[in-house]
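One letter stands for each residue in the lines below.
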Amino acid sequence: VLSTTWVAWRQSLLKMGGFKSVMRAITPEEHMSTVLHKIGGYAFVRTNQDLNITTHKNFHSQWLTAVRTRYPQMHRRPELTAFRVLIMLYFLITPFVLLPLLLFAHDIPVSVVICVAISVVGLIGSHVLISLVTNPIAAVLAPINFPVVVIVDFIALHISMYRYEFGEVIWKGRDVTTPAMHVIPHLPEL
């Protein structure tokens, strides 16, 4: 859910419990959209020429948002995080590593090189299309920054997991972590 601008009917918002109902959520807009959709009070509107709404966040703000949201998106489960990392590496990074290697290999079938090249073009093409729709200014860099975006997301996911498990994540002035690992100085008495 993109939370650039929210417009909600007051009655629908109150019916779902208002902002207090999502006060403790890491991604409140996700919960609000789910509940409001169920009661018929939600619609997603994308900007266009008539409704010219844009958002521009600097890298630091985007980074803080990624660290806050990535690990909770994995339901704070390390095994899901590991699975996502393997999927990201296999499908999103491997084609970019393989293509240059395959181009200089002599005994690789041409069909394999073509399949990997199609994967690279498809990944870059989809990234360019998404950039054109969401941030046309950044679309100029989209053909060359896709692997960088994936690697930055990979790093953000790991930092998010580490901070939720062993540190703190500050959001709106409060720590939103509940670490799984706790130091207990001594066992409780029986």
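Just above sits the structure.
Residues numbered from 1 in each chain as written. Predicted model: local features only at pLDDT ≥ 70, side-chain atom pairs only at ≥ 80, totals over all residues. Heavy atoms only, no water.

Asker: Quick question: what am I supposed to make of the packing of helix H4 (residues 78-104) against helix H6 (residues 142-166) here?
Answerer: Helices that pack against each other are described as a pair by the angle of their axes relative to one another and the distance between those axes. At a minimum axis distance of 11 Å, the contact between H4 and H6 shows a crossing angle of 165 degrees. Classified by the angle their axes make, H4 and H6 are roughly antiparallel. Handedness of the H4/H6 crossing: left-handed. Between H4 and H6, the contacting residues are Pro 78, Thr 81, Arg 84, Val 85, Met 88, Leu 89, Leu 92, Ile 93 and Phe 96 on the first element and Phe 146, Pro 147, Val 150, Ile 151, Asp 153, Phe 154, Leu 157, His 158 and Met 161 on the second. By residue class, the composition of the contact of H4 with H6 is 14 nonpolar, two polar and two charged. (Axes fitted to C-alpha atoms, helices over the stretch in contact; angles between N-to-C directions. Helix = DSSP H or I, 4+ residues; strand = E, 2+ residues; numbered from the N terminus. Parallel < 35°, antiparallel > 145°, perpendicular 65-115°, else oblique. Left-handed = near helix turned anticlockwise from the far one by under 90°. Contact = heavy atoms within 4.5 Å. Nonpolar A, V, L, I, M, F, W, Y, C, P; charged D, E, K, R; others polar.)

Asker: Quick question: what am I supposed to make of the layout of surface pockets here?
Answerer: Regions of empty space are outlined by a rolling probe, equal in size to a water molecule, passed over the atoms. The volume enclosed by the second largest pocket comes to roughly 200 Å³. Considering the residues around the second largest pocket, the lining is formed by Ala 25, Ile 26, Thr 27, Glu 30, His 31, Thr 69, Pro 72, Gln 73, His 75 and Arg 76. Every element with two or more residues in the lining of the second largest pocket is listed here: helix H2 (28-38) and helix H3 (59-73). The element best represented in the lining of the second largest pocket is H3, accounting for three residues. Here the residues of the lining of the second largest pocket sort into three nonpolar, five polar and two charged. (1 Å grid on protein atoms, 1.4 Å probe; cavity = no way out; pocket = protein on both sides within 12 Å on 5 of 7 lines; lining within 4 Å. Points joined across faces, edges and corners; volume = space filled by probe spheres on them.)

Asker: Mind showing me how you'd approach unusual backbone geometry here?
Answerer: Residues other than glycine seldom take positive phi values, yet His 75 does so here, at roughly 55 degrees. For His 75, the position within the fold is in the loop between H3 and H4. The class of His 75 is exposed, set by a relative accessible area of 59%. Even without a glycine there, the phi angle at Arg 76 is positive, about 55 degrees. Along the chain, Arg 76 turns up in the loop between H3 and H4. (Buried < 20%, exposed > 50% of the residue type's maximum accessible area, 1.4 Å probe, protein only.)

Asker: Sorry, what's going on with the environment of Ala 8 here?
Answerer: Of note, Ala 8 is situated in the segment before helix H1 (10-15). Residue Ala 8 is classed as partly exposed on the basis of its relative accessible area, which comes to 36%. Along the backbone, Ala 8 and Gly 41 are 33 residues apart, and their C-alpha atoms lie at a distance of 7.2 Å.

Asker: Would you explain the packing of H4 against helix H5 (residues 110-134) in this entry?
Answerer: Remark: H4 packs on H5, axes separated minimally by 9 Å, with the N-to-C direction vectors making an angle of 135 degrees. Comparing their axes, H5 and H4 come out oblique. In this structure, the crossing between H4 and H5 has a hand that is left-handed. On the side of H4, the interface is formed by Phe 91, Leu 92, Pro 95, Phe 96, Leu 98, Leu 99, Leu 102 and Leu 103, while H5 contributes Val 112, Val 113, Val 116, Ala 117, Ser 119, Val 120, Leu 123 and Ile 124. Classifying every residue of the contact of H4 with H5 by side-chain character gives 15 nonpolar, one polar and no charged.

Asker: Explanation requested: the side chain of Ser 12 in the structure shown.
Answerer: Its place among the elements puts Ser 12 in helix H1. Residues within four places of Ser 12 in sequence aside, it is in contact with Leu 36, Ile 39 and Gly 41.

Asker: Quick question: what am I supposed to make of the nonpolar core here?
Answerer: A general trend in soluble globular proteins is that nonpolar side chains are found buried together. Among the nonpolar cores identified, the biggest contains 11 residues, and these are Met 88, Ile 93, Phe 96, Leu 99, Leu 102, Val 113, Val 116, Val 120, Leu 123, Phe 146 and Val 150. Mapped by element, the contributors of at least two residues to this core are H4, H5 and H6. The leading source of residues in this core is H4, at five residues. In this view, Leu 123 contacts Phe 91, Leu 92, Pro 95, Phe 96 and Phe 146; residues no more than four positions away in its chain are not counted. (Core = buried A, V, L, I, M, F, W, Y, C linked by side-chain atoms within 4.5 Å.)

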